[in-house]
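# Tertiary structure, described
Letter by letter, the chains look like this.
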Amino acid sequence: EAAINRIAAGEVVERPASAVKELVENSIDAGATRIEIVVADGGKTLIRVTDDGWGIAADELPLALSRHATSKIDGSDLLDIHSFGFRGEALPSLGAVGRLTITSRRAGSDAAEIRVSGGKIEPVKPAALSAGTVVELRDLFFATPARLKFLRTDRAEMQAITDVIKRLAMAEPYVSFALFDASNGNRREIFSANAEQGEMFDALNGRLATILGREFADNALPIDAERDGFHLTGYAALPTYSRGSAVAQFLFVNGRPVRDKLLIGALRGAYMDFLSRDRHPAAALFIDCDPNLVDVNVHPAKSEVRFREPGIVRGLIVSGLRHALANAGH
Ligand code: ADP
Ligand code: MG
């Protein structure tokens with residue numbers, strides 16, 4: 001089992017940023033409204049995620065570490081997954097390749113912690129925590145030294161972590177996020193976003209301002225379009241706000257961040273008449289549809305999706321954005 005977990009870890013956890021993504025998605029799934037992430041040395045020595053979610057009961061802590069055990073699926077339809085995650089892989093994988101400690105408290109029960117290091121699980125112990133969950137991952141890949149060699153500089157890994165947090169923060173405007181770098185005993189804030197309020201377009205606009213700047217948010221065009229069961233919402237920027245890279249492209253399918261060729265291509269297609277090839281349109285776009293119309297489990301790392309009807313999705317994005325751009329005088 002430990003060996004299987006180590007092999008699975010290679011797919012789920014490529015680098016510190018993928019560990020951060022899995023842990024923060026778990027916090028989101030647990031209904032957290034505040035998520036704090038502390039990392040040191042680009043996440044190589046420490047990743048700690050603290051949330052105020054509903055927690056894990058002491059007697060369920062061992063289950064959280066066992067492979068394919070998940071509280072998030074009823075077993076019937078694998079395609080019908082509303083929440084995040086390659087089911088039940090993340091925590092066992094992280095525990096196989098690093099030193100993982102989960103401390104948690106479920107309302108009405110006592111706080112407890114469990115440790116697993118290089119796949120060796122220790123018994124559950126009582127702990128002190130007022131609410132929520134703290135997951136601490138130290139020495140990622142210490143158990144698989146070959147993996148360590150593939151990691152980039154602390155700076156590059158930190159950049160990837162920041163990008164992951166910004167994408168999740170864009171997806172969850174009602175949740176507050178704070179990311180700190182605790183390298184060398186200091187504690188430096190890298191990114192933070194206060195929880196937004198109000199209806200979805202206002203909340204998302206506030207989050208856009210936090211992540212991409214107030215001027216950007218004030219000038220972004222609201223998008224709201226629908227076609228054959230696919231709903232497109234969000235904001236798209238005027239061509240003048242395009243970037244030299246894809247850093248300002250935030251794409252989500254059923255609430256989860258994706259980096260999908262079809263969607264990126266459709267976005268480019270919508271701006272084709274206004275932008276040269278080396279410019280990238282900026283946007284935060286959400287596609288929502290029945291889970292049966294999209295396969296989100298193409299790969300455990302999950303950035304790619306497969307739509308049943310790619311042509312409809314492409315058409316929806318191109319026409320939805322062109323319409324908004326035309327209304328804005330383009
Ligand atoms: P998955 O997210 O696919 O269920 P994970 O390995 O990521 O698998 O997590 C296993 C289980 O541990 C989850 O199903 C959930 O019940 C529990 N869990 C993990 N992180 C948290 C958290 N931050 N708060 C509450 N429960 C959590
Ligand atoms: Mg998970």
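With an unreviewed UniProt entry as reference, the protein is termed DNA mismatch repair protein MutL, source organism Marivivens niveibacter.

One can describe the packing of helix α9 (residues 261–270) onto helix α10 (residues 310–327) by two numbers: an axis separation of 8 Å at closest approach and a directional angle of 35°. The two elements α9 and α10 cross, and the hand of that crossing is right-handed. Contact residues: α9 offers Leu 262, Leu 263, Ala 266, Leu 267, Gly 269 and Ala 270, while α10 offers Pro 310, Val 313, Arg 314, Ile 317, Val 318, Leu 321 and Arg 322. Of the residues contributing to the contact of α9 with α10, the split by class is ten nonpolar, one polar and two charged.

Let us look at the nonpolar core. Nonpolar side chains in soluble globular proteins tend to be buried together. Among the nonpolar cores identified, the biggest contains 90 residues, and Val 20 and Ile 165 are the most heavily contacted of them. Among the elements that take part in this core, helix α6 (residues 154–171) stands out by supplying nine residues, more than any other. Counting contributing residues per domain, this core is built from domain 1 (2–193) and domain 2 (200–327), each supplying no fewer than three. For Val 20, the contacting residues outside a window of four places in its chain are Ile 37, Gly 43, Ile 47, Ile 161, Val 164 and Ile 165.

Along the polypeptide, Ala 270 turns up in helix α9. By the C-beta count within 10 Å, which is 23 here, Ala 270 ends up buried. Along the chain, Ala 270 and Gly 315 lie 45 residues apart, while their C-alpha atoms are 9.4 Å from each other.

Parameters and conventions
Residues numbered from 1 in each chain as written. Chains lettered and ligands numbered in written order. Predicted model: local features only at pLDDT ≥ 70, side-chain atom pairs only at ≥ 80, totals over all residues. Axes fitted to C-alpha atoms, helices over the stretch in contact; angles between N-to-C directions. Helix = DSSP H or I, 4+ residues; strand = E, 2+ residues; numbered from the N terminus. Left-handed = near helix turned anticlockwise from the far one by under 90°. Contact = placed C-beta atoms within 7 Å. Nonpolar A, V, L, I, M, F, W, Y, C, P; charged D, E, K, R; others polar. Core = buried A, V, L, I, M, F, W, Y, C linked by C-beta atoms within 7 Å. Buried ≥ 20, exposed ≤ 12 C-beta atoms within 10 Å, placed from the backbone. Domains from an automatic or database assignment.

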